[in-house]
Amino acid sequence: MHSPDPLLMTAAGRDDGDTGPGAGRRARLAASRLYVCTDLQRFLRPDGTLDAAAFAGFCAAAFRGGVDLIQVRDKAVDVAVELAAFVVLVPLAREHGALSAANDRADVAALAGVDVFHTGQTDLTTAQCRALLGPDVVLGRSCHTEAQVRAARAEDGLDYFCTGPVLATPTKPGRAAVGLALPSFAARLDAEDPAGARPWFAIGGVDADRLPEVRAAGAERIVVVRAVTQAEDPEAAARSLRAGLPG
């Protein structure tokens with residue numbers, strides 16, 4: 001009998017033979033390397049509604065360039081606009097064999113039928129997320145300290161975590177950068193305890209120029225915002241980043 005790959009285990013931290021939607025999503029997560037977060041501001045019409053065609057064009061270009069996950073994260077728009085964005089994103093992600101993600105609001109995640117739901121340290125707990133979203137949605141959390149990384153690795157029901165912000169970034173105003181020490185710490189834990197490993201991403205100010213040092217710190221997965229969302233050619237920007245990642 002083969003030993004289960006710890007990154008392909010279920011959210012509960014065990015290989016229980018699940019072949020449902022959650023297993024497929026977690027398999028895609030384990031293979032993922034490039035995660036993009038985007039707001040919706042540049043896709044809004046003057047009346048505040050979503051330009052669905054423009055948003056679809058961006059998402060499709062990012063996926064063609066090798067993006068594995070796209071998360072919509074915009075606290076400034078109405079829920080109706082956010083839901084309209086997921087009407088575009090969820091089927092596009094499925095078409096490209098990628099994942100769609102929501103942030104903070106479990107009600108939006110449930111209504112939109114996204115693959116992934118991401119929370120911060122002061123948002124809903126993992127148990128609360130599972131109670132609202134069920135077993136098949138992939139759950140992730142932002143971590144900013146070594147203690148939070150240790151807790152995320154050990155927590156039943158959590159599928160992945162992010163370490164950062166590695167560098168100061170205007171997308172997280174007021175949050176101090178943690179530098180490369182935190183991804184290095186997460187990589188060291190994986191080396192010391194591979195059975196306890198789960199996917200994790202370095203986030204915060206990462207771009208093509210800084211990617212080599214982030215990789216040297218041990219990160220094999222990254223989350224980016226401006227490096228793709230503000231690129232003149234999102235597909236080319238994504239392809240350049242993906243070329244610097246393993247797998």
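Residues numbered from 1 in each chain as written. Predicted model: local features only at pLDDT ≥ 70, side-chain atom pairs only at ≥ 80, totals over all residues. Heavy atoms only, no water.

1. Observations concerning helix H10 (residues 234–243)
Working step 1: All buried positions along H10 are accounted for by Pro 234, Glu 235, Ala 237, Ala 238, Leu 241 and Arg 242. One side of H10 holds all its buried residues, which, seen down the axis, span an arc of 165 degrees.
Working step 2: Tucked inside the fold, the buried residues of H10 contact strand S1 (34–38), helix H2 (52–64), helix H8 (211–216), strand S8 (222–224) and helix H9 (226–229). (Buried < 20%, exposed > 50% of the residue type's maximum accessible area, 1.4 Å probe, protein only. Helix = DSSP H or I, 4+ residues; strand = E, 2+ residues; numbered from the N terminus. Arc of directions from axis to C-beta. Contact = heavy atoms within 4.5 Å.)

2. Looking at unusual backbone geometry
Working step 1: The omega torsion across Gly 164 and Pro 165 is 0 degrees, close enough to zero to call that bond cis.
Working step 2: In this fold, Pro 165 is placed in the loop between strand S6 (160–163) and helix H7 (181–192).
Working step 3: Although it is not a glycine, Asp 104 sits at a positive phi angle of roughly 75 degrees.
Working step 4: With respect to the helices, strands and loops of the structure, Asp 104 is situated in the loop between strand S3 (99–103) and helix H4 (106–112).

3. Some points on the side chain of Asn 103
Working step 1: With respect to the helices and strands, the residue Asn 103 is situated in strand S3.
Working step 2: With a relative accessible area of 10%, Asn 103 lands in the buried category.
Working step 3: Side-chain polar atoms of Asn 103 contact the side chain of Gln 71, separated by 3.1 Å.
Working step 4: Discounting chain neighbours no more than four positions away, the residues touching Asn 103 are Gln 71, Val 72, Arg 73, Lys 75, Phe 117 and His 118. (Polar contact = N/O pair within 3.5 Å; in protein donor to acceptor, adjacent residues only side chain to side chain.)

4. Some thoughts on the UniProt feature "binding site: Mg(2+)" (unreviewed entry) in the chain
Working step 1: According to UniProt, the positions carrying the feature "binding site: Mg(2+)" (unreviewed entry) are Asp 104 and Asp 123. Spatial clustering of the annotated residues is evident: they stretch over 20 residues in sequence, but the largest pairwise C-alpha distance comes to 6.7 Å.
Working step 2: Leaving out residues up to four positions away in the same chain, Asp 104 has contacts with Lys 75, Phe 117, His 118, Gly 120 and Asp 123.
Working step 3: Within the secondary structure, Asp 123 is located in the loop between strand S4 (116–119) and helix H5 (126–133).
Working step 4: A polar atom in the side chain of Asp 123 sits 2.6 Å from the backbone nitrogen of Gly 120. (UniProt positions renumbered as here; feature names shortened; annotations may be inferred.)

5. Notes on the environment of Phe 201
Working step 1: Along the polypeptide, Phe 201 turns up in strand S7 (residues 200–203).
Working step 2: Of the residues examined, Phe 201 reaches a relative accessible area of 0% and is grouped as buried.
Working step 3: In this structure the C-alpha to C-alpha distance between Phe 201 and Leu 34, which are 167 residues apart in sequence, comes to 8.6 Å.
Working step 4: Contacts of Phe 201, omitting those with residues within four sequence positions, involve Leu 29, Ser 32, Arg 33, Tyr 35, Leu 69, Tyr 160, Phe 161, Cys 162, Thr 163, Arg 221, Ile 222 and Val 223.

6. Details of the packing of aromatic side chains
Working step 1: Taken as a whole, this structure holds six aromatic pairs when the rule is applied.
Working step 2: Taking the ring centre of Phe 58 as reference, the NZ or CZ of Arg 42 above it sits at 5.6 Å. (Phe/Tyr/Trp six-rings, centres within 6.5 Å; stacked < 30°, edge-to-face > 60°. Lys NZ or Arg CZ within 6 Å of the ring centre and 35° of its normal.)

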